[in-house]
Amino acid sequence: MQSVSENNKKIYVSSGEKRAGAFASVTEALQSISGNDDSPVTILIAPGVYHEKITIDRPFVTLEGTGACNEDTVLTYDDYANMVMEDGSKMGTFRSYSVFVDAHDVTLRNLTIENASGDSAVHGQAIALYADGDRLIADSCRLLGHQDTLFTGPLPPKEMQPNGFIGPKQFAPRICGRQYYKDCYICGDVDFIFGSATAYFENCTIESLRRFPVEGNPADPERNMEDSRIQGYVTAASTPEDREYGYVFAGCRLISAECPDGTVYLGRPWRNYAKTVFLDCSIGKHIHPALFHDWNKPDARTTVVYGVGYRNMQDKNVRELFPQCADFVQELQREQIDGCSKERVLSAPDNWAP
């Protein structure tokens with residue numbers, strides 16, 4: 001693995017007032033980098049809204065917003081799965097991305113990455129960030145979407161439905177990388193963090209959006225029935241059977257300003273060996289008392305690793321906090337929690353320490 005040198009080249013992007021030598025779009029800046037040169041490059045992006053479909057296919061690239069906060073610099077596009085193509089077919093999930101990372105050693109910092117297509121009921125799946133690479137870092141970023149906001153590639157080995165994987169990596173070798181999300185905000189409704197990578201989420205805010213609208217008067221019993229419907233699922237991991245770790249959420253906040261109590265699951269298994277654990281996380285009342293769902297796959301209950309753990313529990317254990325959690329959910333003990341440290345999850349085999 002190459003390290004970032006002090007001679008890290010800097011390229012500037014500005015959509016507004018032009019800086020001398022700056023590119024007008026992120027895509028132009030990426031295209032200016034030689035494909036034969038793997039030396040580190042940082043692309044510094046001025047505040048603004050950049051409506052473009054972006055692909056990063058070169059290693060050792062950093063995209064960094066230069067605004068005071070990550071809301072200042074927005075990379076946005078609005079493709080979606082139900083969009084009808086020229087040949088009459090639908091776009092599908094894996095061509096709908098706004099930003100596609102197809103390289104190792106890529107860092108995204110102080111940015112908003114958005115799929116602006118709209119609600120999932122009409123548009124279906126719509127990826128904001130398609131991240132397929134090893135040693136990927138997203139630091140202080142906002143990832144905005146509805147269904148399938150963040151895809152942590154690679155794709156599973158096989159499709160469940162014909163042509164379900166149409167997109168840029170449909171026939172590519174499946175290489176499971178490691179990804180690190182630090183101080184990020186991620187929102188969506190259904191399966192909005194999904195995929196096969198080993199991914200560590202540290203101090204992130206995870207917000208569930210309401211999928212079904214409020215109908216009628218708050219005092220109307222029919223409205224109360226509406227509020228009991230399942231609004232979504234935070235994760236849908238497809239961890240390969242031979243991987244020790246899937247998703248680890250450490251010190252994260254799971255919130256919702258819109259979803260009624262008990263209407264969102266922490267996760268469900270896109271594939272049978274899904275691994276997802278929540279360590280020392282603040283879990284809002286919108287989360288379903290069962291915590292996880294089996295996606296109506298009885299055989300998955302014996303293969304998934306779904307767990308919740310707290311280091312400083314004194315008077316109560318996890319099952320006392322969540323007495324209705326599903327029987328296939330593990331209460332992680334101190335040794336298991338320590339075994340899911342950032343260093344252990346991300347370091348092997350090259351001692352990567354983001």
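In this text the structure is predicted, and so the values were computed from the model without any measurement.

What counts, and at which threshold
- Residues numbered from 1 in each chain as written.
- Predicted model: local features only at pLDDT ≥ 70, side-chain atom pairs only at ≥ 80, totals over all residues.
- Heavy atoms only, no water.
- Helix = DSSP H or I, 4+ residues; strand = E, 2+ residues; numbered from the N terminus.
- Rg over C-alpha atoms; globule rule 2.2 N^0.38 Å.
- Contact = heavy atoms within 4.5 Å.
- Areas by Shrake-Rupley, 256 points an atom, 1.4 Å probe, with all protein chains shown as cover.
- Lys, Arg positive; Asp, Glu negative; His and termini not counted.
- Charge placed at Lys NZ, Arg CZ, Asp CG, Glu CD.
- 1 Å grid on protein atoms, 1.4 Å probe; cavity = no way out; pocket = protein on both sides within 12 Å on 5 of 7 lines; lining within 4 Å.
- Points joined across faces, edges and corners; volume = space filled by probe spheres on them.
- Core = buried A, V, L, I, M, F, W, Y, C linked by side-chain atoms within 4.5 Å.
- Buried < 20%, exposed > 50% of the residue type's maximum accessible area, 1.4 Å probe, protein only.
- Pairing = 2+ DSSP bridges.
- Axes fitted to C-alpha atoms, helices over the stretch in contact; angles between N-to-C directions.
- pLDDT = per-residue confidence, 0-100.
- Phe/Tyr/Trp six-rings, centres within 6.5 Å; stacked < 30°, edge-to-face > 60°.
- Lys NZ or Arg CZ within 6 Å of the ring centre and 35° of its normal.

Section: the overall build of the protein
Here comes step 1: When you go through the protein residue by residue, the secondary structure sums to 6 helices and 26 strands.
Here comes step 2: Computed over C-alpha atoms, the radius of gyration of the protein comes to 20 Å, within 12% of the 20 Å expected from 2.2 N^0.38 for 354 residues, which places it in the range of a compact globule.
Here comes step 3: A principal-axis box enclosing the C-alpha atoms of the protein has dimensions of 60 × 50 × 45 Å.
Here comes step 4: Long-range pairs, those at least 24 residues apart, make up 71% of the contacts in the protein with a sequence separation of at least 6.
Here comes step 5: Of the roughly 15,900 Å² that the protein leaves accessible, carbon and sulfur atoms contribute 47%.
Here comes step 6: Where the 34 positive side-chain charges of the protein centre and where its 49 negative ones centre are 2 Å apart.

A short note on the layout of surface pockets
Here comes step 1: A volume near 590 Å³ is recorded for the largest pocket.
Here comes step 2: Taken together, 26 residues make up the lining of the largest pocket; nearest its centre are Thr-93, Gln-125, Gln-161, Gly-164 and Trp-270.

What to know about the nonpolar core
Here comes step 1: Ranked by internal contacts, the top residues of the largest apolar core, which has 67 residues, are Ile-43, Tyr-181 and Phe-201.
Here comes step 2: Apart from the residues within four sequence positions on either side, Phe-201 is in contact with Leu-150, Tyr-181, Ile-186, Ile-193, Tyr-247, Val-248, Phe-249, Ala-250 and Cys-252.
Here comes step 3: Formed by 14 residues, the second largest nonpolar core is a distinct cluster that contains Ile-137, Tyr-200, Cys-340 and Val-345.

Structural notes on the environment of Ala-131
Here comes step 1: Position of Ala-131 among the secondary structure elements: in strand 10 (residues 129–131).
Here comes step 2: Considered as a pair, Ala-131 and Tyr-97 are 34 residues apart in the sequence and their alpha carbons are 9.7 Å apart.
Here comes step 3: When sequence neighbours within four positions are dropped, the list of residues in contact with Ala-131 reads Val-101, Leu-136, Phe-151, Thr-152, Gly-153, Gln-179 and Tyr-181.

Overview of the sheet that holds strand 2 (residues 41–45)
Picture the strands of a sheet paired through backbone hydrogen bonds; they go either parallel or antiparallel.
Here comes step 1: One open sheet holds the 11 strands; their spatial order is 1-2-5-8-11-14-17-20-23-25-26, and the pairing between them is parallel. The outermost strands of the open sheet, each flanked by one partner alone, are strand 1 (9–13) and strand 26 (329–331). For this sheet, the mean inter-axis angle between neighbouring strands, taken without regard to orientation, is 15°.

Comments concerning the confidence of the model for the protein
Here comes step 1: Overall, the prediction assigns the protein a mean pLDDT of 92, with 93% of residues at 70 or greater.
Here comes step 2: With pLDDT under 50 throughout, residues 1–6 is counted as low confidence; its partners more than four residues away or in other chains account for 11 contacts.

Notes on the packing of aromatic side chains
Here comes step 1: A full pass over the atoms with the stated rule returns 23 aromatic pairs.
Here comes step 2: Geometrically, the ring pair formed by Tyr-233 and Tyr-265 is stacked, given 5.6 Å between the ring centres and 10° between the ring planes. Linking Tyr-233 in strand 19 (residues 232–237) with Tyr-265 in strand 22 (residues 264–267), this pair joins segments that are 32 residues apart in sequence. Across the pair, Tyr-265 and Tyr-233 agree in class, each one buried.
Here comes step 3: Chaining the aromatic ring pairs together yields one cluster made of Phe-94, Tyr-97, Phe-100, Tyr-130, Phe-151, Phe-165, Phe-194 and Trp-270.
Here comes step 4: Residue placement shows Arg-268 over the ring face of Trp-295; its charged tip is 3.8 Å from the ring centre.
Here comes step 5: Cation over ring: Lys-297 sits above Trp-295, and NZ or CZ is 4.8 Å from the ring centre.

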